[in-house]
Protein chains: 4
Amino acid sequence: MLSNSIADVNGSDLANDTALRLLDDYQRVRQQTLALCRPLQTEDYVVQPIADVSPPKWHLGHTAWFFEQFILCAYANDYIPCNKNYNYIFNSYYESVGERVFRSNRGNISRPTVEEVFAYRKHVDDAMSDFLTHHTPNSKVVDIIALGLQHEQQHQELLLMDIKYILGHNPLFPAYQSFEKASNPSGSTSNANNINIAEGVYDVGYDGEGFRFDNEEGHHKVFLHAFEIQDRLITNGEFLEFMQAGGYTDFRYWLSDGWEWVKTNKVDAPLYWIQQEGQWFEYALRGLHELDLHAPVSHISYFEADAFASWKEMRLPSEFEWEVACGITQAKIPQEANFLETGHFTPTSPAKQNNQMYGDLWEWTSSAYLPYPYFKKEEGALGEYNGKFMVNQMVLRGGSFATSRIHIRPTYRNFFQPHLRWQFSGLRLAKHI
Amino acid sequence: MLSNSIADVNGSDLANDTALRLLDDYQRVRQQTLALCRPLQTEDYVVQPIADVSPPKWHLGHTAWFFEQFILCAYANDYIPCNKNYNYIFNSYYESVGERVFRSNRGNISRPTVEEVFAYRKHVDDAMSDFLTHHTPNSKVVDIIALGLQHEQQHQELLLMDIKYILGHNPLFPAYQSFEKASNPSGSTSNANNINIAEGVYDVGYDGEGFRFDNEEGHHKVFLHAFEIQDRLITNGEFLEFMQAGGYTDFRYWLSDGWEWVKTNKVDAPLYWIQQEGQWFEYALRGLHELDLHAPVSHISYFEADAFASWKEMRLPSEFEWEVACGITQAKIPQEANFLETGHFTPTSPAKQNNQMYGDLWEWTSSAYLPYPYFKKEEGALGEYNGKFMVNQMVLRGGSFATSRIHIRPTYRNFFQPHLRWQFSGLRLAKHI
Amino acid sequence: MLSNSIADVNGSDLANDTALRLLDDYQRVRQQTLALCRPLQTEDYVVQPIADVSPPKWHLGHTAWFFEQFILCAYANDYIPCNKNYNYIFNSYYESVGERVFRSNRGNISRPTVEEVFAYRKHVDDAMSDFLTHHTPNSKVVDIIALGLQHEQQHQELLLMDIKYILGHNPLFPAYQSFEKASNPSGSTSNANNINIAEGVYDVGYDGEGFRFDNEEGHHKVFLHAFEIQDRLITNGEFLEFMQAGGYTDFRYWLSDGWEWVKTNKVDAPLYWIQQEGQWFEYALRGLHELDLHAPVSHISYFEADAFASWKEMRLPSEFEWEVACGITQAKIPQEANFLETGHFTPTSPAKQNNQMYGDLWEWTSSAYLPYPYFKKEEGALGEYNGKFMVNQMVLRGGSFATSRIHIRPTYRNFFQPHLRWQFSGLRLAKHI
Amino acid sequence: MLSNSIADVNGSDLANDTALRLLDDYQRVRQQTLALCRPLQTEDYVVQPIADVSPPKWHLGHTAWFFEQFILCAYANDYIPCNKNYNYIFNSYYESVGERVFRSNRGNISRPTVEEVFAYRKHVDDAMSDFLTHHTPNSKVVDIIALGLQHEQQHQELLLMDIKYILGHNPLFPAYQSFEKASNPSGSTSNANNINIAEGVYDVGYDGEGFRFDNEEGHHKVFLHAFEIQDRLITNGEFLEFMQAGGYTDFRYWLSDGWEWVKTNKVDAPLYWIQQEGQWFEYALRGLHELDLHAPVSHISYFEADAFASWKEMRLPSEFEWEVACGITQAKIPQEANFLETGHFTPTSPAKQNNQMYGDLWEWTSSAYLPYPYFKKEEGALGEYNGKFMVNQMVLRGGSFATSRIHIRPTYRNFFQPHLRWQFSGLRLAKHI
């Protein structure tokens, strides 16, 4: 896990040993990205089955490009870029930084090869190591490096999402990594309990010293009416009941756009559910396996989450209800390391056992993704990080089993368009009382 | 203007004279729809240049169908429908009520003719008159009739929007109705002032006895941080400055989806602005005329409103900030009758002169269109009225010159997708203090 | 029927009485267009259900525009155009003549009104009458007027096709014109006979003095191998057998593009066939009626014609086989006037009774629409008439019941893209022997 | 080059040594496919930048599947398929053989890996070797194997086309294989001469004993009017003149569909031409290099070829004119082996020097791709080979530098849709005299 070194030095001049601690963080995060890719075949790095999914090769190049572009080219005077065309190839959406390959074209680009991309990463890593060893970065530089590492950790989860999509849509259903199934039964077999929260004015938003994204800044007050919220996620078994009750064929449960989405895409189950001879299977990173009814339902869109809630005559919590409930229940941030270290590749929802309320799956909320009262975007290209996406998206909270543990905090705001579901998304229900 | 008879009787048994007052309202509203269409040629009733615009003929039939479907077929035992195919043709989106013509196909249907649609309206009106003369409707029926009249008034504004689109996109630019230009200069020539609002918990949402839509119900509390809000709308002149400063060509002001929209649609000015030989003109219901720099800018999308605010380093008010500001300033509801009676076909923004803060143009807010805390949709088909659209839309407040005065109230929530701009939309700015 | 006056004077100076005979032709043809529209309601003139169909109003304006543009503006010195915007509105595809309304936008244009379009026609007709009364047109002008009249007659058939599409896709299925059903049974009840044609070099293409289109010019030789060709069109009954044999669900009968077309558009019957409670009906200009099994099958695409032939283990004739067969059998050109005069609105296929081989329906041939050996397009805008469409289209021969009789000749080449079927199209079969 | 063994034994029982000669051919052709892929990186095998282009990996699998499906599964009793899912993955368009991956999805499939596909080929090759060593195939089997080898050779050219597209659209413009530029100047510097052909009845179509495709069978007669045809291909220099004369911006030269294609796709040069700082470059298999004005223009669509001819006031030859001209001039079939053996990766058009009229580039003809008079498709899945594509395509003749020499014969018919140009296509002109 990333140390707190970054937060400690934020805003002050740095002594040389701080630079070394930063380098240590840098190397650990960058290694983790490579570790994630180890089970892949070369071919898996290249393809892009849908525009939302990027080829793993692109993630590897793009996260290196971030450091090259925003640190090395900007602050390391003697740095020579690896290849002048890489800016064009590995820029994602930063309009400030020039032309770029159309997103939907990323899967058409066979070169640079995977090997060349690894070499690009090494080129950047060597230069970063050199830079941090021989320079004392000022606080601005430290902030950007910290952002770059958080950015890379976000891409680690994207990598997993995209790898799952690539392998899970292959007719051969190859496993990402096989392993023994956990011996203790996962998921929940008992009913969800409701946690009651009283009405009042609450504080929300990030209010500390450590790293946070611009979109969670702006500590502010909200008024919440009294509500109750479930203490665990909805399970596959519960979702199957919704399906068996005709959930996907009854327009009354659906938002109008959701109903169009269901009909246009002929949606009739969560993303990775596959029915074979009357039996439901689910593709997971360990391969195709029988659906586990006690595990939390995952890979659902906002439309599906909302329709399920409507069928249950409840609703999704707002992002602030969710955040306040976290604080009040003093839900523990999951202590264990993430799946790379544990080998658990599935959400396990042990919420009730150990008061760990979240961290299994991103949870859809009823909140649109909008700026906080005092939101102000950064100057320059980094200002394009979060703000410009604040329309037509819904907020998810909590983090998933594939999220870096350091990103799991009550104020963290994730966001996706309401029809998307290749992310590790689930839901819990709430209602006013 | 619609009397308050409906509100008076809401929820109680009705004496016969109440039915007659309801009939009187019914006839007045229905006549107004016809009055709106009087300047049209038969051909204007038929076309549908884009899917969002419906042919005027369809509006006429659909608003009749509402009363036929939800009152006459349901409550008038001896009613014989005008034509059994009209349910298929004039249903809008009520999934509960069966199959219907695809929205984008409405402009392909030459029959029934305009004359036959007028006959359909008369058929329904005669039956409604008969029904209300000889029966004492219960409160449920009264509620549905009241809803039907409000629904028809909403379609009156839609009619104007669609007529403007149809005529304003015709190469001949025909006027809807010519008239003398107002002698006193319209619009604002002085700077906007800011109204300051202190932080605190405020009450929002509809809290009275009269008619209200389901989406504004749920009187509840919100916490607002201190902010200031302009006392008038942004003018054409101010928007032109944005354009001249390169507003449409600099991505930094735009949301990501907005920037895509600008580029894909080659947007470079508000909807009805037309440049001829270096001079800006605007198509209005009175025809093509020179752009009035002092009039409020209209027919802009949320994307444009947001980009303008971003350029000004301000932001749009939230719907609650807007609603609270209305209450605090005791902004008067415009007293004069609407344009049909006055012959004013353009927004005039006399805000500062007479403390009439709103009612010229719908004002984009920064709020996504979402359910209020205690929102609950109606049973049956009428439950499809508002709730199912609560995703991917933004709230507009205030009402336009083309809005029935009875709809103009601080709690009324209008909503459109962020790229749409054929509605009578404008903006004012706000910021936190 | 158009007199032969045009041919008589072609290429020579004209005496004044020739101009008057031309005027007489002009007036007769122009009147016929109006007669065709008499059964329409105003609304029917306006709509455009698919891009291929033009609003009747547009046909009326466009055919007037042709004479305004190519005769009056070019040769009548004192002519004042009716409205300078009409060139933009009524130009069809002549790139030489400037910008124009996108084809798919024609149905969005409510103005000019139908009445104004009639006034436009009168404006042009008056000017043409004046021009031909007071001037002696040279042979160039006579040629263009002759072309304009042939052009108008082509649009008369297009008008019928488009009116049928508009009314036949309306949920109310209104009749274009009701009339008593013919008392004598239409169509064929006996088997088709085959006509044998010996191999050899044959002459094809137009070789006379009268009017002909540029695409049929270039009298030339072709070698044909011996073949046989049916003496009548395929009937609805025969086509129904194909359907009942699974014709629309067995890919083996279909061209690859045709099979895609069937699946994408869910095609399972000819265009105007409608099944209600197990019974087949057909929409015709006289309204919806029970399918007549003995009438020739109509409104089929090339793909369907080809698939039917494939199922029968035969093929379509080439355009030259068809033309040569006409000459050899001395098939009579139908003597009777067209449907406007007879009131017969359906193909009647009386081929076998009276040796009238063609003129009921356009017949798909196996020939792609390509230039003849000596093809040379006209100079200027009129050169855009036929040549630029010579790719991706198939030739049809023979003419339909809705074709001006003067267009019915063995060398006339009609053409459509292989997926289109709103034209009056049928088929007959051939094979090599 | 493939021996003539196949032709020798066609239709008769085979002695065992014939089977061995067939095996020898088999191995030589299969090896050549692998040789073609040798310069590729693993990543290059995977991508599919446009639907028309298939990933090289798919070509490798598909050509193996052909033998597995049509020989081994059908005739080798003890054969065990390599992987039951490969039928789904590697079937191309044979509807008879079951479901398959959508063409446009081929580039989304990372597994089987390249290595696994090579193993698949080896599995099939071993089985084929075993089959041909231990069985005496009957003539039917020999025919299918011969077809399979011709099929594989066709895919060899497709492989080159697709590889060129993949590498030539990569921002890095990697070379497929670098080599020294030929010392002797390629292409033509002198004017084209015209060859005159007299009118008459000519024999066309394949009339021998060797292998031929079903679409070139049906030896038959055609009548040709007198014409002249150029003795060499049009050069880059000549095409540049067309561009400089405004060829891509003047609609008069273009077919209507072609003009739409130019505008929609913003086409302004042949496919691989790239302008950098005013200088024209061309991407070739040896990399990006300065445009050679004397080399034949390549990678043009039918639309471009036709527009060029129109600008020159000439036309493209018909496929029969081309075929007859070949016979009359006794144009030599190029004797040298193909580019794999010579290392020449570009068309060199040495036509005039050595009377080798064709074989540099496929030449667009003015003929639509249609069946010959006596065309009859094969029974079963192999009947889907050519016939079902006979609509909306144009014929190309002659063969390119990347075509297996054994495919280069005067009767061979290649075909593409008129807008496509990733094939190695050029043009020569003709006209009637």
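Now for a description of the structure that goes with this document. Remember, predicted model here, so these are calculated numbers, not experimental data. (Residues numbered from 1 in each chain as written. Chains lettered and ligands numbered in written order. Predicted model: local features only at pLDDT ≥ 70, side-chain atom pairs only at ≥ 80, totals over all residues. Heavy atoms only, no water.)

With an omega dihedral of 0 degrees, the bond running from R111 of chain B to P112 of chain B counts as a cis peptide bond. Position of P112 of chain B among the secondary structure elements: in the loop between α4 (86-90) and α5 (114-134). Located in the positive-phi region is E313 of chain C, a residue other than glycine, with phi close to 55 degrees. With relative accessibility at 71%, the residue E313 of chain C sits in the exposed group. With a phi angle near 45 degrees, F173 of chain D is a residue other than glycine that sits in the positive phi range. Residue position: F173 of chain D is located in the loop between α6 (139-168) and β1 (194-197). Since its relative accessible area comes to 25%, F173 of chain D is described here as partly exposed. (Helix = DSSP H or I, 4+ residues; strand = E, 2+ residues; numbered from the N terminus. Buried < 20%, exposed > 50% of the residue type's maximum accessible area, 1.4 Å probe, protein only.)

Before going further, it helps to spend a moment on the relation of the copies chain A and chain D. These two copies of the chain differ by a rotation about an axis and a displacement along the same axis. Between chain A and chain D, which share one sequence, the superposing operator has a rotation angle of 180 degrees and an axial displacement of 0.1 Å; the RMSD is 0.0 Å. Look at the turn and shift together and you get a two-fold axis relating the two. Using C-alpha coordinates, one finds that chain A approaches the rotation axis most closely at E43 of chain A, a distance of 3.0 Å. When you check the interface residues of chain A against chain D, 93% turn up at the interface there too, and the contact is symmetric in its surfaces. (Least-squares fit on C-alpha atoms with pLDDT ≥ 70 in both. Contact = heavy atoms within 4.5 Å.)

On the side of chain B, 28 residues touch chain C, which itself brings 29 residues to the contact. Viewed at the interface, chain B and chain C are joined by 2 salt bridges. The partner of R111 of chain C in a salt bridge is D44 of chain B, with the nearest N and O atoms 2.5 Å apart. At the junction of chain C and chain B, the tally comes to 8 residue pairs in polar contact (both at pLDDT 80 or more). Mapped onto the side of chain C that touches chain B, the elements with two or more residues apiece are α4 (86-90), α5 (114-134) and α6 (139-168) of chain C. Classifying every residue of the side of chain C that touches chain B by side-chain character gives 15 nonpolar, 10 polar and 4 charged. (Salt bridge = Lys/Arg side-chain N within 4 Å of Asp/Glu carboxyl O. Polar contact = N/O pair within 3.5 Å; in protein donor to acceptor, adjacent residues only side chain to side chain. Nonpolar A, V, L, I, M, F, W, Y, C, P; charged D, E, K, R; others polar.)

For the match of chain C to chain B, the screw axis carries a shift of 0.1 Å, the RMSD comes to 0.0 Å, and the turn is 180 degrees. The share of interface residues of chain C whose copies in chain B are also at the interface is 97%, consistent with both copies meeting through the same surface.

Looking now at the nonpolar core. Counting 442 residues, the largest nonpolar core has W254 of chain A, W254 of chain B, W254 of chain C together with W254 of chain D as the members making the most contacts within it. The contacts of W254 of chain A, once residues within four sequence positions are left out, are F242, G247, Y248, W259, W261, V262, F303, E304 and A307 of chain A together with K388 of chain B. (Core = buried A, V, L, I, M, F, W, Y, C linked by side-chain atoms within 4.5 Å.)

Time to look at the interface of chain A and chain D. The partner chain D presents 27 residues to the 29 residues of chain A that form the contact. Our count for the chain A to chain D interface comes out at 2 salt bridges. No other element matches helix α4 (residues 86-90) of chain A, which puts 3 residues into the side of chain A that touches chain D. Considered class by class, the residues forming the side of chain A that touches chain D number 15 nonpolar, 10 polar and 4 charged.

Residues and elements named next belong to chain D. It is the contact of helix α3 (residues 56-75) with α6, at a shortest axis distance of 8 Å, that shows an interaxial angle of 170 degrees. As judged from the angle between their axes, α3 and α6 are roughly antiparallel. Looking at the contact of α3 with α6 residue by residue, the classes come out as 16 nonpolar, 6 polar and 3 charged. (Axes fitted to C-alpha atoms, helices over the stretch in contact; angles between N-to-C directions. Parallel < 35°, antiparallel > 145°, perpendicular 65-115°, else oblique.)

So, on to the sheet that holds strand β4 (residues 227-230) of chain D. Residues and elements named next belong to chain D. Spatially, the 3 strands line up as an open sheet ordered β1-β4-β12, and their pairing is antiparallel. Lying at the two open borders of the sheet, with one neighbouring strand each, are β1 and β12 (430-432). This sheet shows a mean twist of 20 degrees between the axes of neighbouring strands, independent of strand direction. Sheet analysis places β4 next to β12, joined by 3 bridges and oriented antiparallel. The partner of I229 across the bridge, within β12, is A430. Relative to β1, helix α10 (residues 319-329) is tilted by about 95 degrees, and along the sheet it contacts β1, β4 and β12. (Pairing = 2+ DSSP bridges.)

With that settled, the discussion passes to helix α8 (residues 256-265) of chain C. Residues and elements named next belong to chain C. Every buried residue belonging to α8 is among G258, W259, W261 and V262, and all of these are buried. Projection of α8 onto a plane perpendicular to its axis shows the buried side chains occupying an angular sector of 160 degrees, all on one side. Tucked inside the fold, the buried residues of α8 contact α9 (302-311). (Arc of directions from axis to C-beta.)

Now for a negative patch on the surface. A cluster of acidic side chains, namely D143, E378 and E379 of chain A together with E313 of chain B, defines a negative patch on the protein surface. With respect to the helices, strands and loops of the structure, E378 of chain A is situated in the loop between β8 (362-368) and β9 (394-397). (Patch = residues over 30% accessible without salt bridge, like charges linked within 9 Å, V, L, I, M, F, W, Y side chains within 5 Å. Areas by Shrake-Rupley, 256 points an atom, 1.4 Å probe, with all protein chains shown as cover. Lys, Arg positive; Asp, Glu negative; His and termini not counted. Charge placed at Lys NZ, Arg CZ, Asp CG, Glu CD.)

All names here are of chain B. Ordered by their spatial adjacency, 4 strands build an open sheet running β10-β9-β8-β11, and the pairing between neighbours is mixed. The open sheet is flanked by β10 (414-416) and β11 (425-426), the only strands paired with a single partner. When strand β8 (residues 362-368) meets strand β9 (residues 394-397), the two strands line up antiparallel, connected through 3 bridges. Directly across from W364, in β9, lies its bridge partner L396.

Let us look at the environment of W254 of chain C. Relative to the helices and strands, W254 of chain C resides in the loop between α7 (236-244) and α8. With 56 residues separating them in the primary sequence, W254 of chain C and S310 of chain C have C-alpha atoms 7.7 Å apart.

Right, let's get into the environment of Q154 of chain B. All names here are of chain B. Relative to the elements of secondary structure, Q154 occurs in helix α6 (residues 139-168). Sequence-wise, Q154 and T403 are 249 residues apart; in three dimensions their C-alpha atoms are separated by 7.4 Å. Ignoring anything within four residues of it in the chain, the contact list for Q154 reads F213, Y385, H407 and Y412. Looking at Q154, its side chain comes within polar contact range of the side chain of Y412, at 2.8 Å.

A few words now on the pairing of strand β2 (residues 200-204) of chain C. Residues and elements named next belong to chain C. Residues G200, Y202 and V204 line the buried face of β2, whereas the alternating positions V201 and D203 sit on a face that is not buried. Strand direction decides the pairing type here: β2 and strand β3 (residues 220-224), joined by 5 bridges, are antiparallel. Along β3, the bridge assignment pairs D203 with K221.

Take the environment of F239 of chain A next. Along the chain, F239 of chain A turns up in helix α7 (residues 236-244). Residues F239 of chain A and A305 of chain A lie 66 residues apart in sequence; the distance between their C-alpha atoms is 9.6 Å.

Moving on to the pattern of salt bridges. Evaluated as defined, the whole model comprises 76 salt bridges over all chains. Two residues, R28 of chain B and D24 of chain B, come together in a salt bridge whose shortest N-O distance is 2.8 Å. Highlighted residues: R28 of chain B and D24 of chain B, both in helix α2 (residues 16-37), separated by 4 residues, approximately one helical turn. For D250 of chain B, the salt bridge goes to R252 of chain B, with nearest N and O atoms at 2.7 Å. The buried category is assigned to D250 of chain B, whose relative accessible area is 17%. Among the residues examined, R252 of chain B registers a relative accessible area of 48% and is labelled partly exposed. Connected through salt bridges with shared partners, the residues R30, R121, D125 and E152 of chain A form a single ionic network.

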